[in-house]
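Topology and contacts: notes
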Amino acid sequence: MFVRGAEKSISFLWFVIFLGAVCGSLIGDILGDSLSILSFLKNSYSVGMSTPIVLNLKIMVLTLGLNFNINIMTIIGVIMAIILYRRY
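Residues numbered from 1 in each chain as written. Predicted model: local features only at pLDDT ≥ 70, side-chain atom pairs only at ≥ 80, totals over all residues. Heavy atoms only, no water.

1. With respect to the nonpolar core
The tendency in soluble globular proteins is for nonpolar side chains to be buried side by side. Core analysis: the largest hydrophobic core is formed by five residues, namely Leu13, Val16, Ile17, Ala81 and Tyr85. For this core, the secondary-structure elements that each account for two or more residues are α1 (10-34) and α2 (72-87). Per-element accounting of this core gives the leading share, three residues, to α1. Setting aside anything within four residues of it in sequence, one finds Val16 in contact with Ala81 and Tyr85. (Core = buried A, V, L, I, M, F, W, Y, C linked by side-chain atoms within 4.5 Å. Buried < 20%, exposed > 50% of the residue type's maximum accessible area, 1.4 Å probe, protein only. Helix = DSSP H or I, 4+ residues; strand = E, 2+ residues; numbered from the N terminus. Contact = heavy atoms within 4.5 Å.)

What follows is the structure, given as structure tokens:
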């Protein structure tokens, strides 16, 4: 018995969004490499910190950094993942 929407969790939504972003990015790279007319799909834009933050506490060193590489197909993959999540 399948209950639509009642058993969906937020963590599964984030997983689906992450999976859509990864698949979209891979598809964009493959299409950009194989067809020269679609080379704009390979162009990615970096969002985040260029250098990580290093916190030295004498007993341990913490290195914190976050960087996202976003291209057009990543955004399309996320949108498709959200649509599929809401539909099913």
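2. Concerning the layout of surface pockets
Here the largest pocket defines a volume of roughly 280 Å³. Among the elements of the structure, α1, β4 (67-70) and α2 are those that each provide at least two residues to the lining of the largest pocket. Per element, the largest residue contribution to the lining of the largest pocket is six residues, and it comes from α1. Tallied by class, residues from the lining of the largest pocket come to eight nonpolar, four polar and no charged. (1 Å grid on protein atoms, 1.4 Å probe; cavity = no way out; pocket = protein on both sides within 12 Å on 5 of 7 lines; lining within 4 Å. Points joined across faces, edges and corners; volume = space filled by probe spheres on them. Nonpolar A, V, L, I, M, F, W, Y, C, P; charged D, E, K, R; others polar.)

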